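# Analysis of the macromolecular model
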Amino acid sequence: MFGLTSQLRRAAVSIPSNIAEGNGRGTKKDLIRFLYIAIGSAVEIETQLIICHEIGLLNGNDFDNLISQDHEIIRMATALANNKKKELDINPSETD
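In this report, the structure presented in the accompanying data block is examined. Quantities reported herein were computed from a predicted structural model and do not represent experimental measurements. Each chain has its residues counted from 1, following the order in which its sequence is written. Only residues with pLDDT of 70 or above have their local features reported here, since the model is predicted, and side-chain atom pairs are shown and tallied only from 80 upward, although totals for entire chains, interfaces and linings are computed over all residues. Heavy atoms throughout the structure, all of them, feed into the side-chain values; hydrogens and water do not.

Take the nonpolar core next. Ranked by size, the top nonpolar core spans 18 residues in total, and within it Ile 45 and Leu 49 carry the most contacts. Runs of H or I in DSSP of at least four residues are treated as helices and runs of E of at least two as strands, each being numbered from the N terminus. Contributions of two or more residues to this core are made by α1 (2-24), α2 (28-54) and α3 (60-87). A total of eight residues in this core trace back to one element, the largest contributor, which is α2. Each nonpolar core is a collection of buried residues, namely Ala, Val, Leu, Ile, Met, Phe, Trp, Tyr and Cys, held together in the definition by side-chain atoms within 4.5 Å. Burial classes: relative accessible area under 20% of the type maximum marks a residue as buried, over 50% as exposed, and values in between as partly exposed (1.4 Å probe, protein chains only).

Shown next, in the form of structure tokens:
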């Protein structure tokens, strides 16, 4: 349980940290790259939440709420990355 808790915390902290770092780099390309890293951390959280739910550490209501919030973070970060790609005239479906 400690391992999952620790990993969830690290992944959760890495989302805003990567967005901030990408923004701080000063270029849209860097921001896009770091947004995708943040999205990866959010997907990692989703996997860890599923594991917690399946082994009985997270009840159904809490699981549904947390997954919903995680999906919203993924949606917002993806929309921002796609918006920045459009500003650079990069096809939003292209990946780096």
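Alright, that's what it looks like, and here's the rest.
Turning to the pattern of salt bridges, a few remarks are in order. Here, a salt bridge means any Lys or Arg side-chain nitrogen found within 4 Å of an Asp or Glu carboxyl oxygen. Inspection of every chain in the model, using the stated rule, returns five salt bridges. Here the salt bridges share partners, and the residues they tie into one network are Lys 28, Lys 84 and Glu 87.

Moving on, we come to the side chain of Asn 18. On the secondary structure map, Asn 18 appears in helix α1. Its relative accessible area of 13% is what places Asn 18 among the buried residues. Polar contact criterion, stated in full: a pair of N or O atoms within 3.5 Å, where within protein one must be able to donate a hydrogen and the other to accept it, and residues adjacent in sequence count only if both atoms are side-chain atoms. Separated by 2.8 Å, the side chain of Asn 18 and the backbone oxygen of Ser 14 make a polar contact. The residues touching Asn 18, leaving out its near neighbours within four places in the chain, are Phe 34, Ile 37 and Ala 38. Contact criterion: two residues are considered in contact whenever any of their non-hydrogen atoms come within 4.5 Å of each other.

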